[in-house]
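# Examining the three-dimensional arrangement
So you can see what is in the structure, the chains are spelled out below.
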Amino acid sequence: RKEVEQDPGPFNVPEGATVAFNCTYSNSASQSFFWYRQDCRKEPKLLMSVYSSGNEDGRFTAQLNRASQYISLLIRDSKLSDSATYLCVVTPYNTDKLIFGTGTRLQVFP
Amino acid sequence: NAGVMQNPRHLVRRRGQEARLRCSPMKGHSHVYWYRQLPEEGLKFMVYLQKENIIDESGMPKERFSAEFPKEGPSILRIQQVVRGDSAAYFCASSPSGTGVMNTEAFFGQGTRLTVV
């Protein structure tokens, strides 16, 4: 089983749609959680950290469910510029590694 | 404040040659990480270094690969006797403290795309 699993997609949605991505992780002792965004042939960039209480940043909402070892990202009012690959990232307890999922591709069309 | 700088951006090597990839962390960051991304795959951790020390090299292949982060100058990822399977994007990241510290962000460079022909 992969340490971080994501549906690879692609998710093809029209502008203005709401889309949700899910991610599961295998190590129950993981301590930090993030969503990164990666554009084609570019470096990953932090989109947002994910906190146990859930957090929101504009059109983006992230949720963490430690009991189910599950992380989600909700994007409201999708824009064309949201088209990218979204990477679920986990830091296991007592390590300094970032463990990346393979990413979920999002394509927003006009 | 310049971001993480990697060079070269693109590197072509023939099988059997050596590849040297360089990474200058963000100003004030003393923690450096190397990740590899194979085509259509996620990023895989390779090594974590602080100045003059390798902290975690659990993701490094046992042979041909080495990394250093000297007191002065950039971090270097060195691949000896490259093979076609080494073709990938190599990303360097830096952080002000270890990413094991709760919610510490890592900033990534633009990567070096290595092609072995």
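To start, this report covers the structure provided alongside it. (Residues numbered from 1 in each chain as written. Chains lettered and ligands numbered in written order. Predicted model: local features only at pLDDT ≥ 70, side-chain atom pairs only at ≥ 80, totals over all residues. Heavy atoms only, no water.)

## What to know about the side chain of Thr 85 of chain A
As for its position among the elements, Thr 85 of chain A is in strand E9 (residues 84–91). Classification of Thr 85 of chain A as buried rests on a relative accessible area of 18%. (Helix = DSSP H or I, 4+ residues; strand = E, 2+ residues; numbered from the N terminus. Buried < 20%, exposed > 50% of the residue type's maximum accessible area, 1.4 Å probe, protein only.)

## Looking at the packing of aromatic side chains
Under the criterion given, the structure shown has 11 aromatic pairs over all chains. With centroids separated by 5.4 Å and ring planes inclined at 35 degrees, the aromatic side chains of Phe 21 of chain A and Tyr 86 of chain A adopt a geometry described as tilted. A residue pair is termed long-range when its members are at least 10 positions apart, and Phe 21 of chain A in strand E3 (residues 19–25) and Tyr 86 of chain A in strand E9 qualify at 65 residues. For the pair shown, Phe 21 of chain A and Tyr 86 of chain A are each scored as buried. On the numbers, 5.8 Å between centres and 75 degrees between planes, the contact of Tyr 35 of chain B with Phe 45 of chain B is edge-to-face. (Phe/Tyr/Trp six-rings, centres within 6.5 Å; stacked < 30°, edge-to-face > 60°.)

## Remarks on the side chain of Asp 82 of chain A
For Asp 82 of chain A, the position within the fold is in the loop between strand E8 (70–75) and E9. Look past the residues within four positions of Asp 82 of chain A in its chain and what remains in contact with it is Arg 37, Arg 59, Phe 60, Ile 75, Asp 77, Leu 106 and Val 108 of chain A. (Contact = heavy atoms within 4.5 Å.)

## A closer look at the pattern of salt bridges
Summed over the entire model, instances satisfying the criterion amount to 7 salt bridges over all chains. Across the salt bridge formed by Arg 59 of chain A and Asp 82 of chain A, the nearest N and O atoms sit 2.8 Å from each other. Taken together, the positions of Arg 59 of chain A in the loop between strand E6 (55–57) and strand E7 (60–65) and Asp 82 of chain A in the loop between E8 and E9 put the pair 23 residues apart, joining distant regions of the chain. As a salt-bridge pair, Glu 18 of chain B and Arg 78 of chain B come within 2.9 Å of each other at their nearest N and O atoms. Placement of the pair is Glu 18 of chain B in the loop between strand E2 (10–13) and strand E3 (19–24) and Arg 78 of chain B in strand E8 (residues 75–79), with a sequence separation of 60 residues. When its relative accessible area of 27% is taken as the criterion, Arg 78 of chain B is described as partly exposed. Linked through salt bridges whose partners overlap, the residues forming this network are Glu 18, Arg 20 and Arg 78 of chain B. (Salt bridge = Lys/Arg side-chain N within 4 Å of Asp/Glu carboxyl O.)

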